[in-house]
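Below, each chain spelled out in residue letters.
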Amino acid sequence: MIETAQKLKISDLQIEGLKRGVQHSRLTDQEIGSLAEDVRTFEGVGRMFLLAEPKVVRANLQKKISLAEEKIKSLEANKTYLEKNLKESEDNLRDLVVLKKSK
């Protein structure tokens, strides 16, 4: 039960982080979309920045958003499974306690 509760907390933290990343990417995409096409843009790659066209930067941001949303969906599905598992474990433990008291 404790392990399941810890996994739930970890899932919540991961989902929050991914949602924050999606929001950041959407804001960045929106700002880059308002720029002219001839503006020089740089994309962060590891510890450096590479000169890239705004179209390429926006496409990469869209890929990043879609991957993060897929990961969020899978984490939420796993979270619902863990919640059901935790509730079932609590119910079983409660039944054992009631059975023990009745003896």
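What counts, and at which threshold
- Here the residue numbering is sequential within each chain, running from 1 through the sequence in written order.
- pLDDT decides what is reported in this predicted model: residues at 70 or higher carry local features, side-chain atom pairs at 80 or more are listed and counted, and totals for whole chains, interfaces and linings draw on all residues regardless.
- Note that water and hydrogens are dropped before the side-chain values are worked out from all heavy atoms of the structure.
- Starting at the N terminus, helices and strands are each numbered in turn, a helix being any DSSP run of H or I of at least four residues and a strand any DSSP run of E of at least two.
- Pairing of N or O atoms within 3.5 Å defines a polar contact, subject to two protein rules: one partner must be a possible hydrogen donor and the other a possible acceptor, and residues neighboring in sequence count only if both atoms are side-chain atoms.
- Any two residues whose heavy atoms approach within 4.5 Å at even a single point are treated as in contact.
- Every helix has an expected span of 1.5 Å times one less than the residues it contains.
- Only protein chains enter the accessibility calculation, which uses a 1.4 Å probe; a residue whose area is less than 20% of its type maximum is buried, one above 50% is exposed, and one in between is partly exposed.
- DSSP-based pairing: two strands are paired if at least 2 bridges between them are found.
- For our purposes a nonpolar core is just a set of buried Ala, Val, Leu, Ile, Met, Phe, Trp, Tyr and Cys residues, chained together by side-chain atoms within 4.5 Å.
- Basic side-chain nitrogens of Lys or Arg form a salt bridge, by our definition, when they fall within 4 Å of a carboxyl oxygen of Asp or Glu.
- Axes here refer to lines fitted to C-alpha atoms; in helices the fit is confined to the stretch in contact. Angles between the N-to-C directions go from 0 to 180 degrees.
- Reported orientations rely on four angle classes, namely roughly parallel under 35 degrees, roughly antiparallel over 145, roughly perpendicular from 65 to 115, and oblique for the rest.
- Note on convention: near helix rotated counterclockwise from far helix by under a right angle means a left-handed crossing. Clockwise means right-handed.
- Amino acids are sorted into nonpolar (Ala, Val, Leu, Ile, Met, Phe, Trp, Tyr, Cys and Pro), charged (Asp, Glu, Lys and Arg) and polar (every other residue, Gly among them).

(A) Quick peek at the side chain of T41. With respect to the helices and strands, T41 occurs in strand 1 (residues 41-45). At 2.4 Å, the side chain of T41 and the backbone oxygen of A52 are in polar contact. In contact with T41, other than residues within four places in its own chain, are L35, L50, L51, A52, E53, P54 and V57.

(B) Geometry of helix 1 (residues 2-33). The end-to-end C-alpha distance of helix 1, which contains 32 residues, comes to 46 Å, matching closely the 46 Å that a straight helix rising 1.5 Å per residue would cover. Along helix 1, the residues classified as buried are T4, L8, S11, I15, V22, S25, D29 and I32. Against the buried residues of helix 1 lie helix 2 (54-102).

(C) Spatial organisation of the pairing of strand 1. Of the pairings in the sheet, the one linking strand 1 to strand 2 (residues 48-52) comprises five bridges and is antiparallel in character. When the sheet's bridge partners are listed, E43 is paired in strand 2 with L50. Two successive antiparallel strands, strand 1 and strand 2, enclose a turn made up of two residues, where G46 displays a positive phi of approximately 65°.

(D) Quick look at the nonpolar core. Formed by I15, V22, I65, A68, I72 and L75, the largest nonpolar core amounts to six residues. Contributions of two or more residues to this core are made by helix 1 and helix 2. Among the elements that take part in this core, helix 2 stands out by supplying four residues, more than any other.

(E) Structural context of the pattern of salt bridges. For the structure on display, the rule yields six salt bridges. Close ionic contact of K79 with D12 constitutes a salt bridge, the shortest N to O distance being 2.6 Å. Of this pair, K79 sits in helix 2 while D12 sits in helix 1; the two residues are 67 residues apart in sequence, bridging distant segments of the chain. Looking at D12, the relative accessible area reads 28%, which means it is partly exposed. A salt bridge links R26 to E69, with the shortest nitrogen-to-oxygen separation between them at 2.3 Å. With R26 in helix 1 and E69 in helix 2, the pair connects residues that are 43 residues apart, well separated along the chain. You can call R26 partly exposed: its relative accessible area is 45%. Assessed through its relative accessible area of 31%, E69 is described here as partly exposed.

(F) Local environment of the packing of helix 1 against helix 2. Packing of helix 1 against helix 2 brings their axes to within 9 Å, and their N-to-C directions diverge by 160°. Here helix 1 is positioned roughly antiparallel relative to helix 2, judged by the angle of their axes. Between helix 1 and helix 2 the crossing geometry is left-handed. Looking at side-chain class alone, the contact of helix 1 with helix 2 contains 14 nonpolar, nine polar and twelve charged residues.

Everything listed here is a matter of geometry and, on its own, says nothing about what the molecule does.
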